[in-house]
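What follows is the residue order along each chain.
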Amino acid sequence: MPRIIIIEDEFSPRQMLREKLEQHFPDMEIVAECENAEDALIEILRLRPDLIFLDIQMPGKNGLWLADELIRMKGETFAPPDIIFTTGYIYSEYLLKAFELAAIDYLVKPVSVASLEKAVARYRERAGTTTGLQNLMNALHEEKLLKFKSFNGLFLLRPDDIVYVEADHDYACMFFANGTKEDVFERLGEIEKKLPPETFLRAGKSIVVNRKYIRQITDTTLQLVTTSANYRVELSRSAIRRLKERLV
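Everything numeric here is computed off the predicted structure, so don't read it as measured data.

Undergrad: What is the right way to read the pattern of salt bridges from this model?
TA: Opposite charge on two side chains permits pairing when their charged atoms draw close. Taken as a whole and assessed by the stated rule, the structure comprises 16 salt bridges. Its salt-bridge partner being Arg14, residue Glu35 comes within 3.6 Å of it at the nearest N-O pair. Residue Glu35 is located in the loop between strand E2 (29-34) and helix H2 (37-47), and its partner Arg14 is located in helix H1 (residues 11-24); the two are separated by 21 residues in the primary sequence. By relative accessible area, Glu35 is classed as partly exposed at 49%. Across the salt bridge formed by Asp27 and Arg124, the nearest N and O atoms sit 3.1 Å from each other. Remark: Arg124 occurs in helix H5 (residues 113-125) and Asp27 occurs in the loop between H1 and E2; sequence separation between them is 97 residues. The exposure class of Asp27 is partly exposed, given its relative accessible area of 33%. If you follow the salt bridges from partner to partner, you end up with Arg14, Arg18, Glu22, Glu33 and Glu35 in one network.

Okay, structure coming up:
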């Protein structure tokens, strides 16, 4: 009988997951529930579960920190449990691909019975292996991912996913290389601090642009082009002049 720990900081999602597991998978034993990653690490070392359901975003240390710690502790006397991530994140296409390539299961909250059944089936197929988790952690460490807040939660991006960012009062709108956009609940100045300065430039008071995508500059217009999108940004003549000076 697989032994399970549920790690989720919010009561309602934790309770819903427990009820679905108990109802649909009576052959699995839930041995503990934890509200944060640090307590979960202690319980994992104490109880040695076979599988954990791990929320990614939690106050303090997050789920990826815990997954990394488990990999670091792997040895002759400790085998990390298999992990099924639960998440409310919005992911870049890159991160979703990283999960898929690493063969790590993940469930988007609220968790449906169908997705839970699929994840458990995949777990049973590869129970006891940690190759997928190791591959995922390697991918996350190698790729520099930026974290932002949106109306729907948190999302992760590579710098090259972002074409430009425009201030919108206390928030901002982020325009992506794939032609989509997302409202970000952060001030432009806060966002700019996260962006690599060698790649992103201020274009006036309210816009930050990715210099890699600049294709044409006129007296009042900046054209930004990717393989999937073509953006035209209106700027003042003084902003255009300062931008040109920085590009020299």
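What follows picks up the thread again.
Undergrad: Sorry if this is basic, but what is going on with a nonpolar patch on the surface here?
TA: Together, Phe151, Tyr171 and Phe185 make up an exposed nonpolar region whose accessible area comes to about 360 Å². Tracing the backbone shows Phe151 in the loop between strand E7 (146-150) and strand E8 (153-157).

Undergrad: Can you help me understand helix H3 (residues 63-72) in this one?
TA: One turn of the α-helix equals 3.6 residues, which is why residues spaced by three or four share an orientation. Among the 10 residues of H3, seven are classified as buried, and the element is accordingly described as predominantly covered. For H3, the set of buried residues is Gly63, Leu64, Leu66, Ala67, Asp68, Leu70 and Ile71. Sitting at the head of H3, Asn62 places a side-chain oxygen 3.1 Å from the backbone nitrogen of Leu64.

Undergrad: Looking at this structure, I do not really get helix H8 (residues 237-247). What am I missing?
TA: Those residues of H8 that sit buried are Ala239, Ile240 and Leu243. Burial along H8 is one-sided: seen end-on, the buried residues are contained in an arc of 100°. Across from the buried face of H8, at angles greater than 90 degrees, the exposed residues are Arg237 and Glu245.

Undergrad: What is the right way to read the sheet that holds strand E16 (residues 230-234) from this model?
TA: Strand pairing in a sheet is mediated by backbone hydrogen bonds. Such pairs are either parallel or antiparallel. Strand order in the open sheet formed by three strands is E14-E15-E16, and the pairing between neighbours is antiparallel. Strands at the two margins of the open sheet, each flanked by one partner only, are strand E14 (214-217) and E16. Neighbouring strand axes in the sheet, compared pairwise and without regard to direction, differ in orientation by 20° on average. In terms of strand pairing, strand E15 (residues 221-225) meets E16 through five bridges, oriented antiparallel. Within E16, the residue paired with Thr221 across the bridge is Glu234.

What counts as what
- Residues numbered from 1 in each chain as written.
- Predicted model: local features only at pLDDT ≥ 70, side-chain atom pairs only at ≥ 80, totals over all residues.
- Heavy atoms only, no water.
- Salt bridge = Lys/Arg side-chain N within 4 Å of Asp/Glu carboxyl O.
- Helix = DSSP H or I, 4+ residues; strand = E, 2+ residues; numbered from the N terminus.
- Buried < 20%, exposed > 50% of the residue type's maximum accessible area, 1.4 Å probe, protein only.
- Patch = residues over 30% accessible without salt bridge, like charges linked within 9 Å, V, L, I, M, F, W, Y side chains within 5 Å.
- Areas by Shrake-Rupley, 256 points an atom, 1.4 Å probe, with all protein chains shown as cover.
- Polar contact = N/O pair within 3.5 Å; in protein donor to acceptor, adjacent residues only side chain to side chain.
- Arc of directions from axis to C-beta.
- Pairing = 2+ DSSP bridges.
- Axes fitted to C-alpha atoms, helices over the stretch in contact; angles between N-to-C directions.

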